[in-house]
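# Examination of the molecular architecture
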Amino acid sequence: MGTAEGALEGADVVCTVTAAKDPVVSSAWLTSGCHVNAVGSFTPTARELDSETIQSASLFVDSKASALAESGDVLIPVAEGVIDSEHIQAELAALVTSESGGRQSPAELTVFKSLGLAVEDLAASRAVFDRAVVAGVGTLIP
């Protein structure tokens, strides 16, 4: 497994958390039904996923406006003409509230491109706080 390709072999879920300027994931390496969380590269000129991955996947984002302004994973395939802004299926909030559906079939390739929103950080910190209270650990500061 000494290569990215080897690491992805047979993976059902792939998480990319890099500062890559160029793709570290090729669509050819992804198995049918795989889900990709792309949470690393976050500038218009950098990306973790190749254009074919974005084009062939159902694409979900935390913020459509942010993805179309800041994400090279989205902007580069748009500039190449392989997708347009309508390729984005839904934002995270619509998925969480069931306003929009997610995966439509077991074989579907799905990608979640996150640029990070403050509300995501707040939700994560609240979950950690609640678990600490239940476990009786930590120190409450008035």
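Below is a summary of the structure that appears in this document.

With respect to the helices and strands, P106 occurs in the loop between α5 (92–96) and β5 (110–113). Considering only alpha carbons, one finds P106 and C34, 72 residues apart in sequence, at a separation of 8.8 Å.

Along the chain, the position of E9 falls in the loop between α1 (4–8) and β1 (13–16). The class of E9 is exposed, set by a relative accessible area of 68%.

The phi dihedral of S98 is positive, around 65°, even though this residue is not glycine. Position of S98 among the secondary structure elements: in the loop between α5 and β5. Under the relative-accessibility criterion, S98 is labelled exposed at 61%.

Calculation rules
- Residues numbered from 1 in each chain as written.
- Predicted model: local features only at pLDDT ≥ 70, side-chain atom pairs only at ≥ 80, totals over all residues.
- Heavy atoms only, no water.
- Helix = DSSP H or I, 4+ residues; strand = E, 2+ residues; numbered from the N terminus.
- Buried < 20%, exposed > 50% of the residue type's maximum accessible area, 1.4 Å probe, protein only.

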